[in-house]
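Residues per chain are reported as follows:
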Amino acid sequence: MRAQLAFVTPRKLPKAASIHGRVVVLDVAFASEASGGGFEKITKPFIDGLGVRLAAWVDHHDHAMHAQYNHDPRFVLTTKAEHGACPEMISEELCARVGLVDTIVCHTDFDGLCSAAKWLREGREPYPGADNDARAIDTRLGTPSAIARRFDRAIRARPRDTGLLGIVVRHLAAGLAEKSLWVPIDEAGAELHAIERVTMDLARGYRRIDIAKPCLPACTSVAFVDVTEPRKMYSTRYDKTMLLLIGQERASVAIVIDGDTMTLAAPFDSNIHFLELLGLSGGMPTLVSVQKSRLVEVLMRLGVPRSEIDGIG
């Protein structure tokens, strides 16, 4: 019998009791304190609740609490620098060692869905180059294939549509053999066009701030935009990932504020480490979200002049 699927994010994990049988967790980062509860209130209760039913946890996001599980062979944990994406960590040997599972808990991006499909295929790539595609999409380095872009656009258009996510995993797990499954995937992907238009409009609000005396050698400028009010003008949502990437094209670091949340992003190969800079326990070194209340602190740590900070406020 094929394993059930549970789609989650690091900040929103289900109750362990709601997850059936023996479980493998793929591409789900340990929560940091920036997640509104952190590891102790989000991740640890899930791990403890699963208990002996947890067969394996495979992830590639940095976290200080990884060290607490080094002794437990069920946990296959690395940093983002060691593995840019999770599927490349899933081998036939690992799947054989872990054995059969009843439920696969995975992240809701292409990286996580591809990981789930590869697990269902007992460690074999869904298609040649899938591991490389997952790395290219997750790190934004290199160029993903046309196949991966079709999947990624659909996922970004409907990130919370569990029915669509299930179709994506099913198509990948079948080695792309069921051609009819491209229809709902491409229909979803087409919806991204309107979202991209809104995102491009919001990107016009970016303000570039040059840093004459950077605190980080790699951070000589910041692109800043607050979309809290502007986004209310549109009936279609925007794509924060795309907005951050546009900001990174204009400055060393992109900062997007939306409501009470502030997201910082830098290129994967920039050597900028936001976790260290902001004293966070875990997550992606080059992509973090924190409370807007830390805006002044963040800008000062990046070396933005006080005069510029006052102007933003």
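Everything in this summary refers to the structure shown in the same document. (Residues numbered from 1 in each chain as written. Predicted model: local features only at pLDDT ≥ 70, side-chain atom pairs only at ≥ 80, totals over all residues. Heavy atoms only, no water.)

Remarks on the side chain of glutamate 196
Along the chain, the position of glutamate 196 falls in helix α8 (residues 192-203). If near-sequence neighbours (up to four positions away) are discounted, glutamate 196 is found in contact with Arg153, Arg156 and Met242. (Helix = DSSP H or I, 4+ residues; strand = E, 2+ residues; numbered from the N terminus. Contact = heavy atoms within 4.5 Å.)

Quick look at the packing of aromatic side chains
Going through the model one piece at a time under the given rule, you end up with 10 aromatic pairs. On the numbers, 6.5 Å between centres and 80° between planes, the contact of phenylalanine 30 with phenylalanine 75 is edge-to-face. Residue phenylalanine 30 is located in the loop between β2 (23-26) and α1 (38-50), and its partner phenylalanine 75 is located in strand β5 (residues 75-77); the two are separated by 45 residues in the primary sequence. Here phenylalanine 30 matches phenylalanine 75 in class, with each residue buried. Ring centres of phenylalanine 151 and tryptophan 182 lie 4.8 Å apart, and the angle between their planes is 35°; this geometry places the pair in the tilted category. One end of the pair, phenylalanine 151, is in helix α5 (residues 146-157); the other, tryptophan 182, is in helix α7 (residues 182-190), and 31 residues separate them in sequence. Each member of the aromatic cluster is reached from another via a ring pair, and the members are Phe30, Phe39, Phe46, Trp57, Tyr69 and Phe75. (Phe/Tyr/Trp six-rings, centres within 6.5 Å; stacked < 30°, edge-to-face > 60°. Buried < 20%, exposed > 50% of the residue type's maximum accessible area, 1.4 Å probe, protein only.)

Things to note about the environment of arginine 231
Position of arginine 231 among the secondary structure elements: in the loop between β8 (221-226) and α9 (240-250). Measuring from C-alpha to C-alpha, the distance between arginine 231 and leucine 202 comes to 7.2 Å, with 29 residues separating the pair along the chain. If we skip the residues at most four places from it in the chain, arginine 231 touches Leu202, Tyr238 and Asp258. Polar contacts involving the side chain of arginine 231 include one to the side chain of aspartate 258, which spans 2.5 Å. (Polar contact = N/O pair within 3.5 Å; in protein donor to acceptor, adjacent residues only side chain to side chain.)

A few points about helix α4 (residues 130-139)
Counting buried positions along α4 yields 8 of 10 residues, so the element is predominantly enclosed. Elements in contact with the buried residues of α4: α3 (110-120) and α5.

Details of the sheet that holds strand β9 (residues 253-258)
One open sheet holds the 5 strands; their spatial order is β7-β8-β9-β10-β12, and the pairing between them is mixed. Looking along the sheet, the strands with just one partner apiece sit at the ends: β7 (207-210) and β12 (287-291). If you compare each strand with its neighbour and ignore which way they point, the axes differ by 20° on average. One ladder, built from 5 bridges, connects strand β10 (residues 261-265) with β12; its direction is antiparallel. Residue threonine 261 lies in a different strand from β12, and its bridge partner there is glutamine 291. (Pairing = 2+ DSSP bridges. Axes fitted to C-alpha atoms, helices over the stretch in contact; angles between N-to-C directions.)

Looking at the environment of isoleucine 90
With respect to the element layout, isoleucine 90 can be found in the loop between β5 and α2 (92-98). Given a relative accessible area of 1%, isoleucine 90 falls into the buried group. A sequence separation of 33 residues divides isoleucine 90 from glycine 123, and the C-alpha atoms of the two residues are 5.6 Å apart. When residues no more than four places from it in sequence are discounted, the contact partners of isoleucine 90 are Leu26, Cys95, Ser115, Lys118, Trp119 and Gly123.

As for the pattern of salt bridges
For the coordinates displayed, the defined rule picks out 20 salt bridges. In this structure, the salt-bridge partner of arginine 153 is glutamate 196, at a minimum N-O distance of 2.8 Å. Taken as a pair, arginine 153 in helix α5 and glutamate 196 in helix α8 lie far apart in primary sequence, 43 residues in all. Here glutamate 196 falls in the buried class, since its relative accessible area comes to 17%. (Salt bridge = Lys/Arg side-chain N within 4 Å of Asp/Glu carboxyl O.)

Thoughts on the pairing of strand β6 (residues 103-107)
Counting buried residues in β6 gives 5 out of 5 residues, a clear majority hidden from the surface. The two faces of β6 match: Thr103, Val105 and His107 on one face and Ile104 and Cys106 on the other face are all buried. Taken together, the 5 bridges between strand β1 (residues 4-8) and β6 define a ladder with parallel strand orientation. For valine 8, the partnering residue across the bridge sits in β6 and is histidine 107. Pairing analysis gives 4 bridges linking β2 to β6, with the strands arranged parallel. Along β6, the bridge assignment pairs valine 23 with threonine 103.

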